[in-house]
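Close look at the chain arrangement
As a plain string of letters, each chain reads:
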Amino acid sequence: DAGVIQSPRHEVTEMGQEVTLRCKPISGHDYLFWYRQTMMRGLELLIYFNNNVPIDDSGMPEDRFSAKMPNASFSTLKIQPSEPRDSAVYFCASSVAGLSYNEQFFGPGTRLTVL
Amino acid sequence: AQSVTQLGSHVSVSEGALVLLRCNYSSSVPPYLFWYVQYPNQGLQLLLKYTTGATLVKGINGFEAEFKKSETSFHLTKPSAHMSDAAEYFCAVSVGIRGNQFYFGTGTSLTVIP
């Protein structure tokens, strides 16, 4: 299995620009999670989906952030407009409810730098 | 409510010394317990997990952890630290069959001193 795939691996953009991060979960997984990791705040859960439906977005920092999952094999996290404080590593993870004891499988992350 | 507490956000050990990273959990139901490791500039990967059966579980790279129900703990140990063990370590708990019932601790950064 290819594992969770994220793209791009690195993104550098200027303040005010739109940023789109992409994730392909492991085939057959029905939960998908988006996390953000910074030195100051550690690992934060932003939003998660179950069967492509957003269940809890209470971790999304503000309206500039949005996430979609149009099908079982693809999800996006969009920031519009981006700000320097959005600079972080963004991880996508997926899991199968009930199987493997809900173990989450992580992608390699996208390192976002907003200038 | 379920939660995971990792005592010590930063731990330093000398190369060759014992590694002990602490994790305590609170759960109203029997939990499944995990340790993840994150090497610099990489994603999180599973180090080991406890589900059922033997309470002492072994993972990759010589790490092991023991589930102690009476102490609600799942501490991670390694007898002899290696420079390559320097990383961030996360404890996590799963408390149900739904995928969202999975909770991470805040992480412990391990530094190995040569």
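See the structure printed just above.
Attention here is on the structure that accompanies the text. Bear in mind the structure is a predicted one, so any value in this text is a computation, not a measurement. (Residues numbered from 1 in each chain as written. Chains lettered and ligands numbered in written order. Predicted model: local features only at pLDDT ≥ 70, side-chain atom pairs only at ≥ 80, totals over all residues. Heavy atoms only, no water.)

Some words on the environment of A:Ser73
Residue and element names in this part refer to chain A. How we decide: Segments assigned H or I by DSSP are reported as helices when at least four residues long, segments assigned E as strands when at least two residues long, and all are numbered from the N terminus. By the convention used here, residues are in contact when the closest approach between their heavy atoms is within 4.5 Å. Throughout this description, a polar contact denotes any pair of N or O atoms lying within 3.5 Å of each other; where both atoms belong to protein, one of them has to be capable of donating a hydrogen while the other can accept it, and for residues adjacent in sequence the pair is counted only when both atoms sit in side chains.
Of note, Ser73 is situated in the loop between strand E7 (65-71) and strand E8 (74-79). Note: C-alpha distance between Ser73 and Thr38 (35 residues apart in sequence) is 27 Å. If near-sequence neighbours (up to four positions away) are discounted, Ser73 is found in contact with Cys23, Lys24 and Pro25. A distance of 2.9 Å separates a polar atom in the side chain of Ser73 from a polar atom in the side chain of Asn71.

Brief notes about the state of the cysteines
All names here are of chain B. Heads up, the condition is: Sulfur atoms of two cysteines make up a disulfide when they are within 2.5 Å. Relative accessibility under 20% of the residue-type maximum defines a buried residue, over 50% an exposed one, and the middle range a partly exposed one, all with a 1.4 Å probe and only protein chains included.
Under the counting rule described, the total for this entry stands at 2 disulfides over all chains. Residue pairing for Cys23: its cysteine sulfur links by disulfide to Cys91, the two sulfurs lying 1.9 Å apart. Between Cys23 and Cys91, the S-S torsion sits near -65 degrees, and that sign places the bridge as left-handed. Taken together, the residues span a long stretch of sequence, with Cys23 in strand E3 (residues 19-26) and Cys91 in strand E9 (residues 87-94) at a distance of 68 residues. Look at Cys23 and you get buried, because its relative accessible area is 0%.

Some words on the interface of chain B and chain A
Selection rule: In short, buried area is how much 1.4 Å probe accessible area vanishes from two parts on joining, totalled over both. What makes a salt bridge here is a side-chain nitrogen of Lys or Arg within 4 Å of a carboxyl oxygen of Asp or Glu, nothing more. Classes in brief: Ala, Val, Leu, Ile, Met, Phe, Trp, Tyr, Cys and Pro nonpolar; Asp, Glu, Lys and Arg charged; the others, Gly included, polar.
Contacts between the two partners involve 20 residues from chain B and, on the opposite side, 20 residues from chain A. Taken together, the two surfaces of chain B and chain A that pack against each other cover about 1600 Å², and 55% of this comes from carbon and sulfur. Put simply, chain B and chain A have 1 salt bridge between them. Of the charged contacts, one joins A:Glu103 and B:Lys49 as a salt bridge, the two residues approaching to 3.2 Å between their closest N and O atoms. In this structure, the connection of chain B to chain A is made through 5 residue pairs in polar contact (both at pLDDT 80 or more). Elements with a contribution of two residues or more to the side of chain B that touches chain A: strand E4 (32-38), strand E5 (44-50), E9 and strand E10 (102-104) of chain B. Of all the elements, E4(B) adds the most residues to the side of chain B that touches chain A, at 4 residues. Here the residues of the side of chain B that touches chain A sort into 9 nonpolar, 9 polar and 2 charged.

Here we look at the sheet that holds E3(B)
All names here are of chain B. Stated precisely, the cut-off is as follows: Between any two strands, at least two bridges found by DSSP are needed for them to pair. Every axis corresponds to a line fitted to the C-alpha atoms, with the helix fit spanning only the stretch in contact, and the corresponding angles, defined between N-to-C directions, vary from 0 to 180 degrees.
With antiparallel pairing, 5 strands are arranged side by side in an open sheet as E1-E3-E8-E7-E6. Either end of the sheet is taken by a strand with one partner, and the two such strands are strand E1 (3-7) and strand E6 (56-58). Pairs of neighbouring strands in the sheet enclose a mean axial angle of 20 degrees, with direction left out of account. One ladder, built from 5 bridges, connects strand E7 (residues 64-68) with strand E8 (residues 73-78); its direction is antiparallel. Following the sheet pairing, Glu66 is matched in E8 by His75.

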